[in-house]
Amino acid sequence: MGKAGRDWGQIYSIYGVDDWHTPIFLLIHAIFFSILSVLFLVYFEPICYFFQHFLPGPSAARFTAGFTGSVTALSAVCLFYAAGNIFYSSVSLHWEMAQRIVNAVGDWSSVKHALDLGCGRGILLNAVALQLKKSGSSGRVVGLHPTPTRSLSTLRTAGLEGVQEYVTCRSGDPRTLPFSDNYFDVVASALFVHTVGKEFGQKTAAAAAERMRVLGEVVRVLKPGGVGVVWDLVHVPEYVKRLQELKMEDIRVSERVTAFMVNSHVVSFSKPSQHFVGPNEVRLDWRLNNLC
């Protein structure tokens, strides 16, 4: 059983897995290496005899055969783990982290407009919609994805979850969000921001600049006093630094969670209120041209 009484089989049947190729590829190789390691164990003596044709003495041959068999078995274990972690991260972990993101927002009953940036199959989007429904809010959540064809499949999952009346989907560029300033009470994102700018290479300065543009847009469309929550891979320290530069408040980073075989964290923050208190204080402005 999953958290909140959800059965994992039900969750997988609703959302499926985006990329079957990678875990299946890893699983096939894991099985191959497992068979190979068993063969090394069963036919150890003949293998040692074979190695004696290339190595000086039986001791060296036995050591080489044992070492090769051990590495083969260890490779099988690692490949099984990688396949399992990727399969688990795709839906089960994604669902669990969506619940954590939802729980990072204190009061959903007052939320009128929420945004799921990079909504994908709708796991986080529907978790937000379910929370709006549970809290009795009249609010709505918008799922934005750069791929126009994604909307229909996402709305289908919302229908299966019974929250279609709380959900709207649209396509758009996350670097120039098609929303006005200070529009959303909550902006959330799961495993998406790191994909922006990947055409430049993940470790390039150009890709980092694109990710920072997305964060700037998140801040721009967030209402003063609104909450942002981002779960992502690898680059969270960059996000924290940028949010500090943008003078966000209550920045919090979760403990490390292994997802897709790399480190991931949840970072949450709130946007400070805009106000005047005196002649020496400047009004905060989050427009896009000031964030790039």
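Residues numbered from 1 in each chain as written. Predicted model: local features only at pLDDT ≥ 70, side-chain atom pairs only at ≥ 80, totals over all residues. Heavy atoms only, no water.

1. Digging into the overall build of the chain
Piece 1. Along the backbone of the chain there are eight helices and eight strands.
Piece 2. Its C-alpha atoms give the chain a radius of gyration of 24 Å, more than 25% over the compact-globule value 19 Å for 292 residues.
Piece 3. Restricting to contacts in the chain with at least 6 residues of sequence separation, those with at least 24 account for 76%.
Piece 4. Of the side-chain charges in the chain, 27 are positive and 23 negative, and the distance between the mean point of each set is 1 Å. (Helix = DSSP H or I, 4+ residues; strand = E, 2+ residues; numbered from the N terminus. Rg over C-alpha atoms; globule rule 2.2 N^0.38 Å. Contact = heavy atoms within 4.5 Å. Lys, Arg positive; Asp, Glu negative; His and termini not counted. Charge placed at Lys NZ, Arg CZ, Asp CG, Glu CD.)

2. Comments concerning unusual backbone geometry
Piece 1. One non-glycine residue, Leu-191, lies in positive phi territory at about 55°.
Piece 2. Tracing the sequence through the fold places Leu-191 in the loop between strand 4 (184-190) and helix 7 (205-221).
Piece 3. Positive phi is not limited to glycine here, since Lys-247 has a value of about 65°.
Piece 4. Overall, the relative accessible area of 56% leaves Lys-247 in the exposed class. (Buried < 20%, exposed > 50% of the residue type's maximum accessible area, 1.4 Å probe, protein only.)

3. Quick notes on the nonpolar core
Piece 1. Formed by 40 residues in total, the largest nonpolar core has its most connected members in Trp-108, Val-128, Val-141, Val-167 and Trp-231.
Piece 2. At the level of secondary structure, the elements contributing two or more residues to this core comprise helix 1 (8-15), helix 4 (58-103), helix 5 (123-135), strand 3 (167-171), strand 4, strand 5 (222-233) and strand 7 (257-259).
Piece 3. Once residues lying within four places of it in the same chain are set aside, the contact partners of Trp-108 are Val-102, Ala-114, Val-128, Gln-131, Leu-132, Ser-135, Ser-137 and Val-186.
Piece 4. By size, the runner-up hydrophobic cluster in this structure holds 27 residues, among which are Val-187, Val-221, Val-236 and Val-267. (Core = buried A, V, L, I, M, F, W, Y, C linked by side-chain atoms within 4.5 Å.)

4. Digging into the packing of helix 4 against helix 5
Angle between the axes and distance between the axes: these two values describe a pair of packed helices.
Piece 1. The geometry of helix 4 relative to helix 5 is characterised by a closest axis approach of 9 Å and an angle of 40° between their N-to-C directions. Between helix 4 and helix 5, the angle is such that the two are oblique. Between helix 4 and helix 5 the crossing geometry is right-handed. On the side of helix 4, the interface is formed by Ser-90, Val-91, His-94, Trp-95, Ala-98, Gln-99, Ile-101 and Val-102, while helix 5 contributes Ile-123, Leu-124, Ala-127, Val-128, Leu-130 and Gln-131.
Piece 2. Along the lines of polarity and charge, the residues of the contact of helix 4 with helix 5 split into ten nonpolar, four polar and no charged. (Axes fitted to C-alpha atoms, helices over the stretch in contact; angles between N-to-C directions. Parallel < 35°, antiparallel > 145°, perpendicular 65-115°, else oblique. Left-handed = near helix turned anticlockwise from the far one by under 90°. Nonpolar A, V, L, I, M, F, W, Y, C, P; charged D, E, K, R; others polar.)

5. Details of the UniProt feature "transmembrane region" (unreviewed entry) in the chain
Piece 1. Mapped onto the present numbering, the UniProt feature "transmembrane region" (unreviewed entry) falls at residues 20-44 and 65-88.
Piece 2. The annotated region residues 20-44 carries 92% helix and 0% strand content, and the separation between its end C-alpha atoms amounts to 36 Å.
Piece 3. A distance of 35 Å separates the end C-alpha atoms of residues 65-88, which is 100% helix and 0% strand. (UniProt positions renumbered as here; feature names shortened; annotations may be inferred.)

6. Notes on the environment of Val-219
Piece 1. Tracing the chain through its elements places Val-219 in helix 7.
Piece 2. Spatially, the C-alpha atom of Val-219 lies 8.7 Å from that of Leu-243, the residues being 24 residues apart in sequence.

7. Regarding helix 5
Piece 1. Its 13 residues give helix 5 an end-to-end C-alpha distance of 18 Å, which sits within 8% of 18 Å, the value for a rise of 1.5 Å per residue.
Piece 2. All of the buried residues along helix 5 are Ile-123, Leu-124, Leu-125, Asn-126, Ala-127, Val-128, Ala-129 and Leu-132.
Piece 3. In the segment just after helix 5, Gly-136 is the residue with positive phi, at about 80°. (Expected span 1.5 Å × (residues − 1).)

8. Comments concerning the packing of aromatic side chains
Piece 1. Following the criterion strictly, the structure yields ten aromatic pairs and no others.
Piece 2. Between Phe-32 and Phe-33, the ring centres sit 5.6 Å apart and the planes meet at 80°, which makes this aromatic pair edge-to-face.
Piece 3. Exposure remark for Phe-32: the relative accessible area of 48% places this residue in the partly exposed category.
Piece 4. Overall, Phe-33 belongs to the partly exposed group, its relative accessible area being 24%.
Piece 5. Aromatic pair Tyr-183 and Phe-184: ring centres 4.8 Å apart, planes at 85°, arrangement edge-to-face.
Piece 6. Exposure remark for Phe-184: the relative accessible area of 0% places this residue in the buried category.
Piece 7. Members of the aromatic cluster, connected to one another through ring pairs, are Tyr-12, Trp-20 and Phe-87.
Piece 8. The lysine or arginine in question, Arg-140, covers the ring of Tyr-166, its NZ or CZ lying 5.1 Å from the ring centre. (Phe/Tyr/Trp six-rings, centres within 6.5 Å; stacked < 30°, edge-to-face > 60°. Lys NZ or Arg CZ within 6 Å of the ring centre and 35° of its normal.)

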